[in-house]
Amino acid sequence: MTVVTGMGTVSAAGLGKARLLAALRSGTPTLAHIDRSDGMHHRTSARLAACVEPEALRGAAAPTDARRMSNPSRFALLAACQALEDAGLPIPTEPDGERAVVVATAFGHTAFTQQMFDQILDLGPTLASPMLFSESVANAAAARVALATRAAGPNLTLAQGEAGPLLAVARGLAEIEAGRARTVLAGAADEMNPLVHAILDRFRALARARGDQPERARPFERRRNGFLAAEGASLLLLESEAAATARGATPIARILGAWSAFDPSAPPSGWGNGVDRLAARLRRGLTRFGRSPGDVDAIISGASGSRAGDRLEALVLRQAWGGQPLPPILAPKETTGEYGGAFLAAAVLAASGERWGSASDSVDVDPELGVGMSTLPLPATARCFLVTTLAAGGPASWLLLERP
Amino acid sequence: MPPARAEVAVTGLGVVSGWGWGVGKLDAALASGGTSIRPFVRFDHERYPTHVAAEVPERRAASESVGREASDLSFADTFAIAAAREAIAGAGLPGDLSNHDAGVFFASCTGGGFECESFYEAWRGRNLWRGPRRLLASHPVSRPGEAVARDLRVTGPVETVSSACASGTLAIGLALDALRTGTVDIAIAGGADSLAHITFGGFNVLQAMDEQPCRPFRAARRGLSLGEGGAVLVLERLSEARRRRAPILARLEGAGASGDAHHMTAPEPHGRGAAEAMARALRDADCRPDSVDWINTHGTGTVRNDLAEFHALEVVFGAHLDALHISATKGSVGHLLGAAGAIEAVATVLAIRNQRLQPAPGGGGIDPAIRVRLAREPVAASIRRALSLNMGFGGCNAALVFSSPGLGSEGAT
């Protein structure tokens, strides 16, 4: 069995899991006004995002060359160092060939890519900065983590939109179980710059203010109209339970299984109607890992406030449960936002025994969906947690966690 | 659940490259020793220091391969779908895999980056709502793999690797894993990338591009040449491939990966990380280094990369390196970045199937510091087992071991 023995997280809530947990308990996302001065946003478009405060990074332990890094690299590096410290593992002086790194990203290092393209257009290709190029590649964050933590095992960057963070954990699990790595740093890193924010809004993906309704994500609610864009990084330290026990480490969560699927009816930037097949894949995964829907004590849903995405999520869950009552559901993306991995960190916090309820005490559940978020903290007895993510474009991924 | 060490067969291949649309064109070209790297027309490169790339020709062929929807897809998506359809047809599988346990394991570094650049160049600083949305829809690097899954009605896992130049090899390794663990019965593995300003400009500012078509391992080499295209392999468990009498082109015996943990852009000069990836792939394949007959190298043509790769080969193969033939597909099709590992895996399978060396294009003598037997002529050779290696930015290394379908336990450790 593979366990999580350390976790690092950098989010709009700040550095570390204590700050994220406080934000989840308060139910209040930390929001910042996105810079719209470049003129790419529509006048009525979304204005907010859950961005990492530069001030929050001040004083954080980081190598001196962090100043040359893109934001996703910085976030990932800080999260990796926290995860190792949390797991009680020092950074070795020599490369460790048994430590793998798997980082998911939805959009890559967009700010540096944009800056470099601006330089090509404005200054000409010969005057563009080589430093920008080396940090514009999608795997820069994973490479920076490996460099700083001396991880010389397999190094993977996965890109599957919103499904990426859970896929990264699934890949880390596979590396441990196949014996290709002794420890894995697995998670996600992303940044939310004005260009990506404007593009997401162009696809009508983001929550907007409407009348007296403020701009915020409302998973499963009748009035939901999009998600909250976010940035940050969250990385988990994975190892076998036997290895953790042998070195006296205390697991935060146990990973019972991870699996994924695809809905080919989904358009490239939207959600499809493949409820039957996705539900069948979800049930099949539970069976493969020795569980049935009735064994799941709580669902940590990837519902984000997207109209079509939340609808598909609700229908898949209802279908998978076959008419039986669903267990309590939490949808942390109302606080964490979408992207940056804080959702993954929230799921692990729940599986570790931390408790919180919905942000809103009067959730206006969409009657068409037939599911709603738990307004009360999950019961203390909850042990088995299903973590779900359906991504725009068709990917779906699930994770089954257990409280140790 | 299949046995943990199920044997895996390659049953289909598909390619779009600088040589055109289809495996046949690449196969013929690899035997010719020629190069598809030449001046290109995709975008204006007058202000760049270099002016050659292996551009996919015959845009008209896209609509023949993919259909009318090609006009709404990015170049990378089009290459990916065309290669996947060819591979699936070659494997004798239906174009709708919704009733199979199939998965897509894909690689890309730029996705629809070129189309996004076109959008941005036209609309930066202006309200994006007025620009054509379709140019942005393909931007994420996950899109080519998702386009393949959508086209083939795949309902199993879809995973996209974006680990620079090692992406394609890593994706094929994930596919091997998924077949061994019984996660899928059919794995569509490959990659796709297109030429883009960012990569063409980026490698130029790093001064890593050759003004001439790249010359891997040659003394006069000056850098890499970019290419574009897509490459796909259909992988199945050998037992299932035999049961349905599918063409068995080769066996995929093992995969290995490592990280240099050394530098963001430069390879570890002694090739330690690359050597470790090859050693892991050989261990995974349960075979000895001296059972390998041919190596398809990463062979970019950059001064430091080729030298580091040679050192890695020395570490793993020792004296056997003198008996080995090596080649470098990039001299023929350029560097396909995310798809490089995939097209080089296809080339490796072709070498095994044809039992013929693939001469490495590029004139001039071999670097005296690099003591390798670079294939010069497309002569017949016994290629029972072959290794394909890739080394990427950020120190990502990955290797695959393929063997001929008829090879028994020869060379087992």
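Since the model is a prediction, treat every value here as computed from it, not as a measurement.

### Some details on the overall build of chain B
Then step 1. Of regular secondary structure, chain B possesses 13 helices and 13 strands.
Then step 2. Relative to the globule expectation of 22 Å for 413 residues, the C-alpha radius of gyration of chain B, 20 Å, shows essentially globular dimensions.
Then step 3. Seen through its principal axes, chain B has C-alpha atoms that stretch 65 × 50 × 40 Å.
Then step 4. Each of the 413 residues in chain B was classed as buried or not, and the buried ones make up 67%.
Then step 5. Taking the contacts inside chain B whose residues are at least 6 apart along the sequence as the reference set, 80% of them involve residues at least 24 apart.

### A closer look at the overall build of chain A
Then step 1. For chain A, the helix and strand inventory stands at 13 helices and 13 strands.
Then step 2. Relative to its length of 404 residues, chain A is compact, with a C-alpha radius of gyration of 20 Å against a globular reference of 22 Å.
Then step 3. Its C-alpha atoms give chain A principal-axis dimensions of roughly 60 × 60 × 40 Å.
Then step 4. The proportion of buried residues among the 404 residues of chain A is 65%.
Then step 5. Contacts spanning at least 24 positions in sequence make up 79% of the contacts within chain A whose residues lie at least 6 apart.

### Concerning the packing of helix α3 (residues 75-90) of chain B against helix α6 (residues 143-151) of chain B
Residues and elements named next belong to chain B.
Then step 1. Following both chains from N to C, one finds α3 and α6 inclined at 45°, their axes separated by 8 Å at the closest point. Considering their axes alone, α3 and α6 lie oblique with respect to each other. Between α3 and α6 the crossing geometry is right-handed. Where α3 approaches α6, its residues Ala76, Asp77, Ala80, Ile81 and Ala84 are matched on the opposing element by Arg143, Pro144, Ala147, Val148 and Asp151.
Then step 2. Partitioning the contact of α3 with α6 into residue classes produces seven nonpolar, no polar and three charged.

### Some thoughts on the confidence of the model for chain B
Then step 1. On average, residues of chain B carry a pLDDT of 94, and 97% of them reach 70 or more.
Then step 2. The ipTM, which scores confidence in the relative placement of chains, is 0.97 for this predicted complex, and the corresponding pTM is 0.97.

### What to know about unusual backbone geometry
One can expect most non-glycine residues to show negative phi and most peptide bonds to be in trans.
Then step 1. Here Phe220(A), not a glycine, exhibits a phi torsion of approximately 65°, which is positive.
Then step 2. Here Phe220(A) shows up in the loop between α8 (194-202) and β8 (232-240).
Then step 3. With a phi close to 50°, Gln355(B) is a non-glycine residue in the positive phi region.
Then step 4. Locating Gln355(B) in the fold gives a position in the loop between α13 (340-354) and β12 (385-392).
Then step 5. Residue classification places Gln355(B) among the partly exposed residues on the basis of 13 C-beta atoms within 10 Å.

### So, the pairing of β8(A)
When a strand is regular, its side chains alternate between the sheet's two faces.
All names here are of chain A.
Then step 1. Of all nine residues making up β8, eight are buried, and the element is well covered by its neighbours.
Then step 2. For strand β1 (residues 2-11) and β8, the ladder comprises eight bridges, and the chain directions are antiparallel. Bridging from a neighbouring strand, glycine 6 pairs with leucine 237 of β8.
Then step 3. Pairing between strand β7 (residues 183-190) and β8: eight bridges, direction antiparallel.

### Overview of the domain arrangement of chain B
All names here are of chain B.
Then step 1. For chain B, the domain assignment lists domain 1 (8-243) and domain 2 (254-403).
Then step 2. Once you take the C-alpha centre of each, domain 1 and domain 2 turn out to be 20 Å apart.
Then step 3. Facing the 62 residues of domain 1 at the interface are 55 residues of domain 2.
Then step 4. Elements with a contribution of two residues or more to the side of domain 1 that touches domain 2: β1 (8-17), α1 (23-32), α7 (167-180), β7 (186-193) and β8 (229-237).
Then step 5. Looking at the side of domain 1 that touches domain 2 element by element, the count peaks at seven residues for α7.
Then step 6. In the side of domain 1 that touches domain 2, the residues fall into 33 nonpolar, 22 polar and seven charged.

### A look at the interface of chain B and chain A
The extent of an interface is frequently quoted as the accessible surface area lost upon association of the parts.
Then step 1. Taken residue by residue, the interface counts 58 residues in chain B and 60 residues in chain A.
Then step 2. For the side of chain B that touches chain A, the secondary-structure elements that each account for two or more residues are α4 (113-123), α5 (134-137), α6, β6 (158-161), α7, α8 (197-205), β9 (250-259) and α10 (272-284) of chain B.
Then step 3. Considering each element in turn, the side of chain B that touches chain A owes the most residues, six residues, to α8(B).
Then step 4. Looking at side-chain class alone, the side of chain B that touches chain A contains 25 nonpolar, 20 polar and 13 charged residues.

### So, helix α3 (residues 71-87) of chain A
Residues and elements named next belong to chain A.
Then step 1. A rise of 1.5 Å per residue sets the reference length of α3, with its 17 residues, at 24 Å; its end C-alpha atoms lie 24 Å apart and thus fit the reference within 8%.
Then step 2. The element α3 is extensively covered by neighbouring structure, given that 16 of its 17 residues are classed as buried.
Then step 3. A positive phi of about 75° marks glycine 88, the residue just after α3.

### So, the pairing of strand β13 (residues 395-402) of chain A
All names here are of chain A.
Then step 1. Most of β13 is tucked away: seven of the eight residues are buried.
Then step 2. Bridge count for strand β9 (residues 253-262) against β13 is eight bridges, and the pairing is antiparallel. Opposite arginine 254, over in β13, you have glutamate 402 as the bridge partner.
Then step 3. When strand β12 (residues 384-390) meets β13, the two strands line up antiparallel, connected through seven bridges. When the bridges of β13 are listed, leucine 390 appears paired with alanine 396.
Then step 4. With antiparallel pairing between neighbouring strands as the criterion, β12 and β13 make up a hairpin whose turn holds four residues, including glycine 393 at a positive phi of roughly 100°.

### Focus on the domain arrangement of chain A
All names here are of chain A.
Then step 1. If you check the domain split of chain A, you get domain 1 (2-253) and domain 2 (256-402).
Then step 2. Summarising the inter-unit geometry, the C-alpha centres of domain 1 and domain 2 are found 21 Å apart.
Then step 3. Every contact between the two is made by 54 residues of domain 1 and, on the other side, 57 residues of domain 2.
Then step 4. At the level of secondary structure, the elements contributing two or more residues to the side of domain 1 that touches domain 2 comprise β1, α1 (17-26), α7 (164-177), β7 and β8.
Then step 5. Among the residues making up the side of domain 1 that touches domain 2, the classes are represented as 33 nonpolar, eleven polar and ten charged.

### Description of the packing of α7(B) against α13(B)
The description of two helices packed together rests on the angle between their axes and the distance between the axes.
All names here are of chain B.
Then step 1. In the contact formed by α7 and α13, the axes pass within 5 Å of each other and the chain directions differ by 70°. It follows from the interaxial angle that α7 and α13 lie roughly perpendicular. Taking contact as the criterion, the partners of Ser167, Gly168, Thr169 and Ile172 in α7 are, on α13, Ala340, Gly341, Ala342 and Ala345.
Then step 2. Residue composition of the contact of α7 with α13, by class: four nonpolar, four polar and no charged.

Cut-offs used in this document
Residues numbered from 1 in each chain as written. Chains lettered and ligands numbered in written order. Predicted model: local features only at pLDDT ≥ 70, side-chain atom pairs only at ≥ 80, totals over all residues. Helix = DSSP H or I, 4+ residues; strand = E, 2+ residues; numbered from the N terminus. Rg over C-alpha atoms; globule rule 2.2 N^0.38 Å. Buried ≥ 20, exposed ≤ 12 C-beta atoms within 10 Å, placed from the backbone. Contact = placed C-beta atoms within 7 Å. Axes fitted to C-alpha atoms, helices over the stretch in contact; angles between N-to-C directions. Parallel < 35°, antiparallel > 145°, perpendicular 65-115°, else oblique. Left-handed = near helix turned anticlockwise from the far one by under 90°. Nonpolar A, V, L, I, M, F, W, Y, C, P; charged D, E, K, R; others polar. pLDDT = per-residue confidence, 0-100. Pairing = 2+ DSSP bridges. Domains from an automatic or database assignment. Expected span 1.5 Å × (residues − 1).

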